[in-house]
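What follows is each chain in one-letter form.
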Amino acid sequence: MIDLKLILQNPEEVEKKLSLRRETYDLSGIQELAKKRSQLQVQGDQLRSERNRLSKEVGNLMRQGKKDEAGTIKSEAAKIPARLEELEKEQTQVEAGLREQLLRIPNLPDASVPVGTSEADNRVERVIGNPRSFDFKVKDHVELGELLGIIDFEAAARIAGARFSLLKGDGSRLERALINFMLDLHTGEHGYTEILPPFMGSAETFTASGHLPKFEQDLFKVEPFGFYLAPTAEVPLTNMYRGQILAEEDLPKKLCAYTPCFRSEAGSYGKDVRGLIRLHLFDKVELYKFTRPEQSFAELESLVKDAGKVLDLLGLPFRVVSLCTADLGFASAKTYDLEVWLPGQNAYREISSCSNCTDFQARRASIRFKKAGSKGTELVHTLNGSGLAVGRTMVAILENFQEEDGTVKLPEVLWKYMGKKEIKVKG
RNA sequence: GGAGGAGUGGCCGAGUGGUCUAAGGCGGCGGUCUUGAAAACCGUUGGGCGGAAGCCCCGUAGGUUCGAAUCCUAUCUCCUCCGCCA
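All values reported here derive from a predicted model rather than from experimental measurement. (Residues numbered from 1 in each chain as written. Chains lettered and ligands numbered in written order. Predicted model: local features only at pLDDT ≥ 70, side-chain atom pairs only at ≥ 80, totals over all residues. Heavy atoms only, no water.)

## Some details on the sheet that holds strand β9 (residues 318–322)
Then step 1. An order of β1-β9-β10-β11-β14-β8-β7-β2 is seen for the eight strands of this open sheet, with the pairing classed as mixed. If you trace the sheet from one side to the other, it starts and ends with β1 (123–128) and β2 (193–195), each paired once. Within this sheet the neighbouring strands show an average axis-to-axis angle of 25°, counted without direction.
Then step 2. Relative to strand β11 (residues 347–356), strand β10 (residues 334–342) runs antiparallel, the two sharing nine bridges. Bridging across to β11, Lys 334 finds its partner in Asn 356. (Pairing = 2+ DSSP bridges. Helix = DSSP H or I, 4+ residues; strand = E, 2+ residues; numbered from the N terminus. Axes fitted to C-alpha atoms, helices over the stretch in contact; angles between N-to-C directions.)

See the structure below:
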């Protein structure tokens with residue numbers, strides 16, 4: 001949620017910022033409901049105040065044994081509850097409506113985000129590494145996976161249908177190797193604490209992260225239990241401290257987590273139907289931070305660095321792209337995508353998305369910290385980023401390090417995890 | 001699935017209808033004392049809305065009442081025992 005106060009104090013500016021995204025938003029309903037709510041609040045407060053005063057008096061008189069006087073006041077006070085109930089009912093309704101609308105307003109883009117109308121306006125920040133030139137016709141990862149006997153899409157389809165994968169032998173070992181390599185790097189070198197959270201959560205959890213109520217169609221729901229499967233570890237990690245007050249000295253809190261990710265991919269029919277690129281179920285290692293507000297944008301830069309380090313060490317060429325206002329996710333104020341070079345597609349493809357959600361999720365989840373020296377609490381900022389999407393990393397390794405016969409030379413950092421230096425075509 | 005118990009402020013914990021809407025302790029902060037520190041002692045210390053007065057928050061949601069942490073109902077979570085089970 002964005003701050004209601006911001007909307008009430010400066011609606012024009014909020015509307016202007018929101019209009020930089022693709023959709024348009026009308027804030028007049030929110031303004032009206034907020035006004036109504038504070039009126040009801042004041043009226044209710046006055047009634048409650050009166051009731052409290054009279055009740056106290058009844059108590060005093062009873063103690064003094066003045067039963068008759070107490071009775072008189074009692075009957076006067078008895079008129080209040082009915083009126084109060086009416087007001088409270090109306091206020092509850094108004095508040096529910098207000099919240100419903102607020103929950104569907106996205107975060108405001110940061111001033112540093114390039115303004116644009118489509119992903120074509122995303123800004124390339126830097127390019128790292130050079131795509132290798134091949135003197136033979138490159139195969140894509142689907143061909144390589146079959147040739148090497150490490151990916152079996154037909155078997156996956158038998159089990160679960162389209163958009164699933166089945167890895168075997170060195171394929172499944174490579175997946176496991178990548179997960180371990182990434183976790184070891186982020187915990188060992190970058191100072192993140194490893195978390196293994198639940199992969200599903202309640203509606204409340206998904207509302208806090210911003211995935212509900214607006215994006216239910218993108219999620220798998222577990223009926224009849226009411227759980228949703230996490231499309232990213234960002235969801236459980238955001239909720240680890242829901243409703244908590246953190247100590248300032250514990251910030252920034254840096255977490256990383258391997259989880260499977262479940263996505264319905266509603267509306268993506270016909271897109272990336274081939275291969276490991278877009279699946280209903282994939283593995284990801286996620287990076288996550290809770291920070292003080294002043295440090296969140298600096299922490300975003302270092303988060304991008306941490307994710308990029310994985311690609312560096314694997315020897316994969318990539319570029320960093322700053323998403324424009326139209327391409328920004330719902331909860332994000334600023335997002336950098338890392339795009340890895342895929343020879344099989346002759347293109348850079350997203351392999352990590354790193355976002356600063358500022359106080360947007362923290363407000364929904366009520367995650368605050370106590371400021372040293374001053375009274376009260378303040379909302380933290382939350383950041384998340386892939387470090388990295390494991391399946392797409394496997395795609396990049398297969399395609400970038402293939403030999404003419406299909407053999408794949410593994411990056412040196414993976415040798416110890418794989419127990420070998422290459423995946424050979426079976427003779 | 002069966003039986004029982006428990007959810008109170010950062011933490012522990014008292015409080016079973018009305019002396020302030022939470023005693024006391026720990027922790028935190030400030031101070032006295034001290035060369036400094038510890039100890040001791042004194043003071044202070046939850047969250048939300050509001051300019052303020054004031055209002056709300058004792059797991060959550062309802063209910064009873066002039067008045068609910070306290071009584072009733074539902075629900076969630078945790079614990080113990082039994083059963084089942086990876």
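## Considerations on the pattern of salt bridges
Then step 1. Following the criterion strictly, the structure yields 28 salt bridges and no others.
Then step 2. With a closest N to O distance of 3.4 Å, Arg 242 and Glu 204 form a salt bridge. Here Glu 204 lies in helix α9 (residues 203–209) and Arg 242 lies in the loop between α10 (234–239) and β6 (245–247), a separation of 38 residues in the sequence.
Then step 3. If you follow the salt bridges from partner to partner, you end up with Glu 265, Asp 272, Arg 278 and Arg 349 in one network. (Salt bridge = Lys/Arg side-chain N within 4 Å of Asp/Glu carboxyl O.)

## Overview of the protein's contact with RNA strand B
Then step 1. Around RNA strand B there are 19 residues in total, and Asp 45, Ser 55, Arg 63, Lys 74 and Thr 377 lie nearest to it.
Then step 2. Between RNA strand B and the protein, one listed contact pairs a sugar or linking oxygen with a side-chain N or O atom of Arg 368 at 3.0 Å.
Then step 3. Lys 370 is positioned with one of its side-chain polar atoms (N or O) 3.4 Å from a phosphate oxygen of RNA strand B.
Then step 4. Contributing elements (two or more residues each) for the surface near RNA strand B: α3 (28–63), α4 (67–77) and β12 (368–370).
Then step 5. With ten residues, the top contributor of residues to the surface near RNA strand B is α3.
Then step 6. Split into classes, the residues belonging to the surface near RNA strand B amount to four nonpolar, six polar and nine charged. (Near = heavy atom within 4 Å. Polar contact = N/O pair within 3.5 Å; in protein donor to acceptor, adjacent residues only side chain to side chain. Nonpolar A, V, L, I, M, F, W, Y, C, P; charged D, E, K, R; others polar.)

## Examining unusual backbone geometry
Then step 1. Of note, the amide linkage connecting Leu 251 to Pro 252 takes the cis form, showing an omega dihedral of -5°.
Then step 2. In this structure, Pro 252 sits in the loop between β6 and β7 (253–262).
Then step 3. Looking along the chain, the bond that leaves Gly 387 and enters Leu 388 is cis, with omega of 15°.
Then step 4. As for its position among the elements, Leu 388 is in strand β14 (residues 381–389).
Then step 5. The phi dihedral of Asn 346 falls on the positive side, at around 50°, and the residue is not glycine.
Then step 6. For Asn 346, the position within the fold is in the loop between β10 and β11.

## Looking at the pairing of β14
Each regular strand displays side chains that alternate between the two surfaces of the sheet.
Then step 1. The buried count for β14 comes to nine of nine residues, which makes it a mostly enclosed element.
Then step 2. As paired strands, strand β8 (residues 281–291) and β14 are joined by seven bridges and run antiparallel to one another. Residue pairing in the sheet places Thr 291 in a bridge with His 381 of β14.
Then step 3. Across three bridges, the pairing between β11 and β14 is antiparallel. Considered in β14, the bridge of Ser 355 is made with Asn 384. (Buried < 20%, exposed > 50% of the residue type's maximum accessible area, 1.4 Å probe, protein only.)

## Examining α3
Then step 1. With 36 residues, α3 extends 53 Å from end C-alpha to end C-alpha; this agrees with the ideal 52 Å at 1.5 Å per step.
Then step 2. Three or more residues of α3 are buried, namely Ile 30, Ala 34, Leu 40, Gly 44, Leu 47, Arg 48, Leu 54, Val 58 and Leu 61.
Then step 3. Summarising the contacts, the buried residues of α3 are in contact with α1 (4–9), α4 and α5 (80–102).
Then step 4. Two residues or fewer after α3 comes Gly 65, characterised by a positive phi angle close to 80°. (Expected span 1.5 Å × (residues − 1). Contact = heavy atoms within 4.5 Å.)

## Regarding the packing of aromatic side chains
Then step 1. Applying the stated criterion across every chain, the model contains eight aromatic pairs.
Then step 2. Between Phe 134 and Phe 136, the aromatic rings sit 5.5 Å apart at their centres with planes inclined by 80°, giving edge-to-face as the arrangement.
Then step 3. Exposure remark for Phe 134: the relative accessible area of 22% places this residue in the partly exposed category.
Then step 4. Here Phe 136 falls in the buried class, since its relative accessible area comes to 14%.
Then step 5. Aromatic pair Tyr 288 and Phe 290: ring centres 5.1 Å apart, planes at 55°, arrangement tilted.
Then step 6. Within the aromatic cluster, the residues linked to one another by ring pairs are Phe 215, Phe 330 and Phe 360.
Then step 7. Positioned above the aromatic ring of Tyr 192 is the side chain of Lys 254, whose terminal nitrogen or guanidinium carbon lies 4.9 Å from the ring centre. (Phe/Tyr/Trp six-rings, centres within 6.5 Å; stacked < 30°, edge-to-face > 60°. Lys NZ or Arg CZ within 6 Å of the ring centre and 35° of its normal.)

## Regarding the domain arrangement of chain A
Then step 1. What the domain assignment lists for chain A is domain 1 (28–103) and domain 2 (119–423).
Then step 2. Each of domain 1 and domain 2 was reduced to a C-alpha centroid, and the two centroids are 50 Å apart. (Domains from an automatic or database assignment.)

## As for a nonpolar patch on the surface
Then step 1. Residues Met 200, Phe 225 and Phe 227 make up a contiguous nonpolar surface patch of roughly 320 Å² in combined accessible area.
Then step 2. Note that Met 200 resides in strand β3 (residues 200–201).
Then step 3. Met 200 sits in the partly exposed class, given a relative accessible area of 41%. (Patch = residues over 30% accessible without salt bridge, like charges linked within 9 Å, V, L, I, M, F, W, Y side chains within 5 Å. Areas by Shrake-Rupley, 256 points an atom, 1.4 Å probe, with all protein chains shown as cover.)

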